[in-house]
Amino acid sequence: MKTIGVLTSGGDSPGMNAALRAVVRTAHTLGHKVIAIRLGYKGLIDNDLKEISGADVSNIMQRGGTILKTARCDEFRTQEGRSKAASVMKKNKMDALITIGGDGTFQGASLLGKEHGVNVIGIPATIDNDLVGTDETIGYDTALNTAMQAIDKIRDTADAHDRLFLVEVMGRDAGFIALETGIAGGSELILLPESLTKLDEVKSSLNNALSEQKRSTLVIIAEGDETGGAIKLAEKLKPDFSKYDMRVCILGHIQRGGNPTARDRVLASRLGSAAVVALDEGHSEVMVGVVNNRIKVTPLKMTFGKKKDINFDLLELSRTLR
Ligand code: ATP
């Protein structure tokens, strides 16, 4: 029997609860004990933990957020903080730690493993989808659908008033949400951090779209696009497009919330279970992912060291279809 600690860390994403449920249920099936840590690495350092039962994870699969709560923890970025975390693990006789989070969470986990020989397994959960080693991260599909539904509503009002809308979606470093919601929402232009945005090209694309007398024009911008986001872009476009009714909408945190989609629940269930199985198989300092519909185990340090490629064919497709 192993004692496994589990925590959620960094930004929350829909499906974290489903992943937790799968960790707990699989661990119990395999005869292990699970200790739930509240508030991510902060809770680990503060010894904020308790054993979690199968009943504790009943009826949580469909809930957004995380019942364990999550936090950003600067103390864990220091060697001293990580030493405290390792000694809490030792005191509570934890054999391994399962961390559910994004690239920052895995950078921290990797250091904890390197400095203290702690066995850590990562489960990728971030709406940004920016981790190498899995086709999709937990929460991405839900965020996409939330953003798409919001864009559909914006399209209705934009159409009714013949408006030009600049819609900003989440993605500080990655344009996955912008790219796929842009296509799903039929936007006229998609601006991503992964492709250089030239203001002249934006203006001429908009002029083309507007001259085709469409009733409404939507531009989807990732927050990390080098134009500086929707508000800054609107300021730059204003002098040339003053005769149009231009509006800005920043979708913000609604993209993080909500019940996870079926796809995210299935992904979270698979990955939560795979993390425990990976531990049993003797893996250490790895992230579990799904690649081409199969479970894949990737060394943690490879998941954040490299930028995940965007599918430029989709960007091309959006240009054809606009
Ligand atoms: P998201 O992608 O949703 O923002 P994330 O896991 O990347 O999730 P971060 O805030 O970057 O979120 O990281 C979560 C926590 O992981 C941080 O608060 C910190 O405690 C720890 N962490 C992040 N980067 C490092 C690092 N370089 N060294 C040590 N710990 C780190």
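Parameters and conventions
- Residues numbered from 1 in each chain as written.
- Predicted model: local features only at pLDDT ≥ 70, side-chain atom pairs only at ≥ 80, totals over all residues.
- Heavy atoms only, no water.
- Buried < 20%, exposed > 50% of the residue type's maximum accessible area, 1.4 Å probe, protein only.
- Helix = DSSP H or I, 4+ residues; strand = E, 2+ residues; numbered from the N terminus.
- Pairing = 2+ DSSP bridges.
- Domains from an automatic or database assignment.
- Contact = heavy atoms within 4.5 Å.
- Buried area = accessible area lost by both parts, 1.4 Å probe.
- Lys, Arg positive; Asp, Glu negative; His and termini not counted.
- Salt bridge = Lys/Arg side-chain N within 4 Å of Asp/Glu carboxyl O.
- Axes fitted to C-alpha atoms, helices over the stretch in contact; angles between N-to-C directions.
- Phe/Tyr/Trp six-rings, centres within 6.5 Å; stacked < 30°, edge-to-face > 60°.
- Lys NZ or Arg CZ within 6 Å of the ring centre and 35° of its normal.

Draft legend 1. Local environment of the pairing of strand β8 (residues 217–222). Most of β8 is tucked away: six of the six residues are buried. Burial along β8 is two-sided: the face carrying T217, V219 and I221 and the face carrying L218, I220 and A222 are both buried. As paired elements, strand β6 (residues 164–169) and β8 share six bridges and run parallel to each other. Residue L164 lies in a different strand from β8, and its bridge partner there is T217. Taken together, the three bridges between strand β7 (residues 189–191) and β8 define a ladder with parallel strand orientation. Looking at the pairing, L191 lines up with I221 of β8.

Draft legend 2. Here's a closer look at the domain arrangement of the protein. Domain parsing of the protein yields domain 1 (3–139 + 260–302) and domain 2 (141–256). Centre-to-centre, using C-alpha coordinates, domain 1 lies 34 Å away from domain 2. Each partner contributes residues to the interface: domain 1 has 14 residues there, and domain 2 has eleven residues. For the pair domain 1 and domain 2, the two sides together bury roughly 1100 Å², of which 49% comes from carbon and sulfur. Of all residues in domain 1, I127, D128 and T261 bury the most surface against domain 2, accounting for 42% of the area lost on that side.

Draft legend 3. Main features of the side chain of D128. Its location among the elements puts D128 in the loop between β5 (119–124) and α5 (140–161). For D128, which is buried and forms no salt bridge, the nearest opposite charge comes from R172, at a distance of 5.1 Å. Discounting chain neighbours no more than four positions away, the residues touching D128 are G171, A174 and F176.

Draft legend 4. Here's a closer look at the sheet that holds strand β9 (residues 246–250). Judged by pairing direction, the sheet is parallel, and its four strands sit side by side in the order β7-β8-β6-β9 without closing on themselves. At either margin of the open sheet sits one strand with a lone partner, and together these are β7 and β9. Going across the sheet, the axis of each strand differs from the next one's by a mean of 15°, ignoring polarity. Sheet contacts for helix α8 (residues 230–237): β6, β7, β8 and β9; angle to β9, the most-contacted strand, approximately 165°.

Draft legend 5. Broad picture of the packing of aromatic side chains. Taken as a whole and assessed by the stated rule, the structure comprises three aromatic pairs. Both rings, one in Y41 and one in F76, keep their centres 3.7 Å apart while their planes meet at 5°; by these two values the pair is stacked. Here Y41, found in helix α2 (residues 40–45), pairs with F76, found in the loop between β3 (49–51) and α3 (79–91); they are 35 residues apart in sequence, far enough to count as distant. Accessibility classification places Y41 together with F76 in one group, the buried group. Summarising the aromatic geometry, the rings of Y140 and F176 are spaced 6.5 Å apart at their centres and angled 85° between planes, so their arrangement reads as edge-to-face. Linking Y140 in helix α5 with F176 in helix α6 (residues 176–184), this pair joins segments that are 36 residues apart in sequence. F176 carries the same exposure label as Y140, and that label is buried. Between K308 and the ring centre of F176, over which it is positioned, the NZ or CZ distance is 5.5 Å.

Draft legend 6. Broad picture of the pattern of salt bridges. Scanning the model with the defined rule gives 13 salt bridges in all. When the shortest N-O distance is used, the salt bridge between D280 and K2 registers 3.5 Å. You can see D280 sitting in helix α9 (residues 262–280) and its partner K2 sitting in the segment before β1 (3–8), a full 278 residues away along the chain. Judged by relative accessible area, which is 34%, D280 ranks as partly exposed. Connected through shared salt-bridge partners, R163, D245 and R247 make up one network.

Draft legend 7. Representation of the sheet that holds strand β4 (residues 96–101) in the model. The strand order across the open sheet formed by seven strands is β3-β2-β1-β4-β5-β10-β11, and the pairing between neighbours is mixed. Strands with a single pairing partner mark the edges of an open sheet, and in this sheet they are β3 and β11 (294–299). Mean inter-strand twist for the sheet, computed between neighbouring axes without regard to direction, equals 25°. Direction of pairing for β4 relative to β5: parallel, over a ladder of six bridges. Across the sheet, residue T99 finds its bridge partner in β5, namely G122. Each of β4, β5 and β10 (286–291) touches helix α4 (residues 103–116); the most contacted strand, β4, lies at about 165° to it.

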